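# Observations on chain architecture
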Amino acid sequence: MADFSVVGGGVAGLVVARRLAASGASVTLFEASDRLGGTVRRHEVAGIGLDAGAESFAVRGGAVAALLAELDLAGDIVAPAPGPAWLQPVDGEAVPLPATALLGIPADPLADDVVRVVGRAAAERAAELDAQPVTAVPASLGSLVRDRMGADMLDLLLAPVVHGVHSQHPDELAVARAHPGLADAVVSAGSLSGAVAQLRAAAPPGAAVAGIRGGIHRLVPALADDLERRGGDIRLRTRVDDLDALDGTVVIAAPGVAGTTGTGRRIDLVTLVVEQEELDAAPRGTGLLVAAGAPVGARALTHATAKWEWLREAAGGRHVVRLSYDETPSDPVAAAVADAETLLGVPLPVVVDAAHVFWVRPAAASTVPSDVVVVGETVAGSGLAGIVAHAERTAAELLAR
Ligand SMILES: Cc1cc2nc3c(=O)[nH]c(=O)nc-3n(C[C@H](O)[C@H](O)[C@H](O)COP(=O)(O)OP(=O)(O)OC[C@H]3O[C@@H](n4cnc5c(N)ncnc54)[C@H](O)[C@@H]3O)c2cc1C
């Protein structure tokens, strides 16, 4: 009889199962599908091994880097190419995102690179609003920015960035989840722009995200091998519907089980492998976020061969571009080629290969019974940094019981 049963073999389930097994507990992990990793998955496009889902992790907190070190992958952690991401505004050409901002919120609303995105009038309005005394900090990031910097700053700058990072509108994102120190910083700085300047100054130097040479998907076999080496029992193709039938303490790491909702937003991704010399110069840096109302269907584009050096080497002169969609285009590959041409500003006559995948992201859990232990995206939010840290913490709490 196992001490622990873990339901779901995504990164959250693997991390919690491995940590429990490492302490000597007997652990069985159940995965409904025929592969581990969940939203972290490898696929091949034009013979190049690529991430089909997550392709980086936030370095904040250090939980992912610490895990990779334990898995002997620390030497393969790589930084993305430096330089700002770009923004495709509603009208006109793409522009680099403001250099000193937090999730698109500027430290100086009147800076030239902010004015270029939102226009002079909106920038002046933001500066004027943000000069008012702080009375209260609203719960949602959207309300905070609308109150302190106006609707244009919210719509034109914040919303595309937040959507690109969190797949949510700022009105749906709690201030605390956007940045745990933001509310206090607004109060202590007496303005939103001052808070951003304060937090930016306190942030460690270097990129906010990192990758793994060869792809984030390498994390999955590394976790699974280590779990098995420590005696963990992995059961693929084993969907769990009846939690009472499981041994020991049950940990849910699967959206849709025990009150954690599995239905959420669908995201379509189209990966293109193209030949085009003009892309060698990375005309839009590592990629673009797209403002709602811009003349393309894509919400974001990653120029993956400009972002990751290992991938540029693996692609042998070809370019890898990935576009994401909130609404499935009727012909995803044709739409992606047309959108990529618009966003990158170059024609793409030679498409070597293309792949279309989609994911359904879970909504946040609302009704998790208090006697059930839950890890993963439904409770820790989207993103490997938060999920890994939360799964590690949960395992430590279970072991301390
Ligand atoms: C397109 C895309 C890009 C992303 N990019 C990034 C990124 O660059 N950086 C980042 O940090 N995050 C990124 N994310 C988010 C990140 O990938 C996820 O937050 C994270 O991988 C979720 O892990 P999880 O273990 O909670 O859930 P999942 O990955 O969803 O795993 C859940 C697992 O449970 C299994 N399961 C479900 N029901 C049952 C059942 N009844 N019984 C047994 N098993 C079951 C599923 O088959 C699945 O394997 C991205 C997400 C998407 C969709």
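Residues numbered from 1 in each chain as written. Predicted model: local features only at pLDDT ≥ 70, side-chain atom pairs only at ≥ 80, totals over all residues. Heavy atoms only, no water.

### Points about helix 2 (residues 63-70)
Residues spaced three or four apart along an α-helix point in a common direction, a consequence of the helix completing one turn every 3.6 residues. The condition is simple: Here the term buried applies to any residue with accessible area under 20% of the maximum for its type, exposed to any over 50%, and partly exposed to those in between, with areas from a 1.4 Å probe on protein chains only. Strands here mean DSSP runs of E at least two residues long; helices mean DSSP runs of H or I at least four residues long; both are numbered from the N terminus. Working definition: the arc comes from the directions between the helix axis and the C-beta atoms, pointing outward to the latter. Any two residues having at least one pair of non-hydrogen atoms within 4.5 Å are treated as being in contact.
Listing the buried residues of helix 2 in full gives Ala63, Val64, Leu67 and Leu68. Projected down its long axis, helix 2 carries its buried residues within an arc of 135 degrees, all on one side. Taken together, the buried residues of helix 2 touch helix 1 (11-22), strand 5 (57-58), strand 6 (77-78), strand 11 (209-212), helix 10 (219-229) and helix 15 (384-400). Phi for Asp72, located one or two positions after helix 2, is positive at around 65 degrees.

### Overview of the pattern of salt bridges
Two side chains of opposite charge can pair, provided their charged atoms sit close to one another. Quick reminder of the rule: Each reported salt bridge corresponds to a side-chain nitrogen of Lys or Arg within 4 Å of a carboxyl oxygen of Asp or Glu.
Taken as a whole, this structure holds 18 salt bridges when the rule is applied. Here Asp130 and Arg148 are joined by a salt bridge, their closest N and O atoms 2.8 Å apart. Residue Asp130 is located in helix 4 (residues 120-130), and its partner Arg148 is located in helix 5 (residues 141-149); the two are separated by 18 residues in the primary sequence. Judged on exposure class, the residue Asp130 and its partner Arg148 are both buried. Two residues, Arg230 and Asp226, come together in a salt bridge whose shortest N-O distance is 2.8 Å. Because the salt bridges share partners, they merge into one network encompassing Arg18, Arg19, Glu70, Asp226, Arg229, Arg230 and Glu392.

### Section: helix 4
All buried positions along helix 4 are accounted for by Ala122, Ala123, Ala126, Leu129 and Asp130. On an axial view of helix 4, the arc spanned by its buried residues comes to 130 degrees, and they lie on one face.

### So, the side chain of Ser324
Its location among the elements puts Ser324 in strand 17 (residues 319-325). Look past the residues within four positions of Ser324 in its chain and what remains in contact with it is Ile267, Asp268, Leu269, Ala298, Arg299 and Ala300.

### Let's talk about the site of the ligand
Note the cut-off: For this purpose, a residue is taken to be near a molecule or strand whenever a single non-hydrogen atom of the residue falls within 4 Å of it. Each accessible area is a Shrake-Rupley estimate made with a 1.4 Å probe; only the visible protein chains count as cover when residues are assessed. The residue classification treats Ala, Val, Leu, Ile, Met, Phe, Trp, Tyr, Cys and Pro as nonpolar and Asp, Glu, Lys and Arg as charged. All others, Gly included, are polar.
With respect to spatial proximity, 33 residues lie near the ligand, and among them Glu31, Thr39, Ser56, Glu377 and Leu384 are the closest. For the ligand, the accessible surface in isolation is 1000 Å², of which the surrounding protein chains cover 89%. Looking at side-chain class alone, the shell around the ligand contains 16 nonpolar, 12 polar and 5 charged residues.

### Quick notes on the pairing of strand 2 (residues 27-30)
Our working rule: Only strands joined by at least two bridges in the DSSP assignment are considered to pair. The handedness of a crossover follows from its direction of travel: if, with the strands pointing away from the viewer, the path from the first strand over the helix to the second runs clockwise, the crossover is right-handed.
Burial along strand 2 is two-sided: the face carrying Val27 and Leu29 and the face carrying Thr28 and Phe30 are both buried. Across 4 bridges, the pairing between strand 1 (residues 4-7) and strand 2 is parallel. Bridge pairing in strand 2 links Val6 to Leu29. In this view, the connection linking strand 1 to its parallel neighbour strand 2 by way of helix 1 has right-handed handedness. In this structure, strand 2 lies alongside strand 12 (residues 233-235), joined through 3 bridges in parallel fashion. Looking across to strand 12, one finds that Leu29 is bridged to Ile234.

### Describing the packing of helix 1 against helix 10
Under the convention used in this document: Only C-alpha atoms enter the line fits that serve as axes; for helices the fit covers just the stretch in contact. Angles between N-to-C directions range over 0 to 180 degrees. Angles are sorted into four bins: roughly parallel if under 35 degrees, roughly antiparallel if over 145, roughly perpendicular if 65 to 115, and oblique for all others. Left-handed describes a crossing whose near helix is turned anticlockwise from the far helix through less than a right angle; right-handed describes the clockwise counterpart.
Axis separation between helix 1 and helix 10 bottoms out at 9 Å; the angle between their running directions is 30 degrees. Between helix 1 and helix 10, the angle is such that the two are roughly parallel. Crossing hand, helix 1 versus helix 10: left-handed. Contacts from Val11, Leu14, Val15, Ala17, Arg18 and Ala21 in helix 1 reach Leu219, Val220, Leu223, Ala224, Asp226 and Leu227 in helix 10. Its residues assigned to classes, the contact of helix 1 with helix 10 comprises 10 nonpolar, no polar and 2 charged.

### Considerations on the sheet that holds strand 1
In space, the 5 strands of this open sheet follow the order 12-2-1-13-19, with parallel pairing throughout. Whereas interior strands pair on both sides, the edge strands pair on one side only; in this sheet they are strand 12 and strand 19 (373-374).

### Considerations on the domain arrangement of the protein chain
Worth spelling out the cut-off: These domain boundaries are the output of an automatic or database domain assignment. By buried area we mean how much accessible surface two parts lose on assembly, using a 1.4 Å probe and totalling the loss over both.
With domains assigned, the protein chain is organised as domain 1 (4-78 + 210-260 + 363-400), domain 2 (97-202) and domain 3 (264-362). Using only C-alpha atoms to locate each centre, domain 1 and domain 3 end up separated by 28 Å. Listed per partner, the contact involves 28 residues of domain 1 and 22 residues of domain 3. Across the domain 1 to domain 3 interface the summed buried area is about 1900 Å²; carbon plus sulfur atoms make up 64%. Summed over the shared surface of domain 1 and domain 3, the result is 1 salt bridge. The partner of Glu55 in a salt bridge is Lys307, and the shortest N-O contact between them spans 2.9 Å. Elements supplying a minimum of two residues to the side of domain 1 that touches domain 3: strand 3 (42-45), strand 4 (48-51), strand 11 and helix 14 (377-380).

### Section: the packing of aromatic side chains
Our working rule: Here the aromatic set is Phe, Tyr and Trp, taking the six-membered ring for Trp, and pairing holds for ring centres within 6.5 Å; pairs whose planes are under 30 degrees apart are stacked, those over 60 apart are edge-to-face, and all others are tilted. Ring-over charges, as used throughout, are those where CZ of Arg or NZ of Lys falls within 6 Å of the ring centre and within 35 degrees of the ring normal.
Applying the stated criterion to the full structure yields 0 aromatic pairs. Directly above the ring of Phe358 sits Arg266, whose terminal nitrogen or CZ lies 3.6 Å from the centroid.

### Regarding the environment of Gly287
Residue position: Gly287 is located in strand 15 (residues 287-290). With a relative accessible area of 5%, Gly287 lands in the buried category. In sequence terms Gly287 and His217 are 70 residues apart; their C-alpha atoms lie 21 Å from each other. Discounting residues that sit within four places of it in the chain, Gly287 has contacts with Ala85, Trp86, Leu301, Thr302 and His303.

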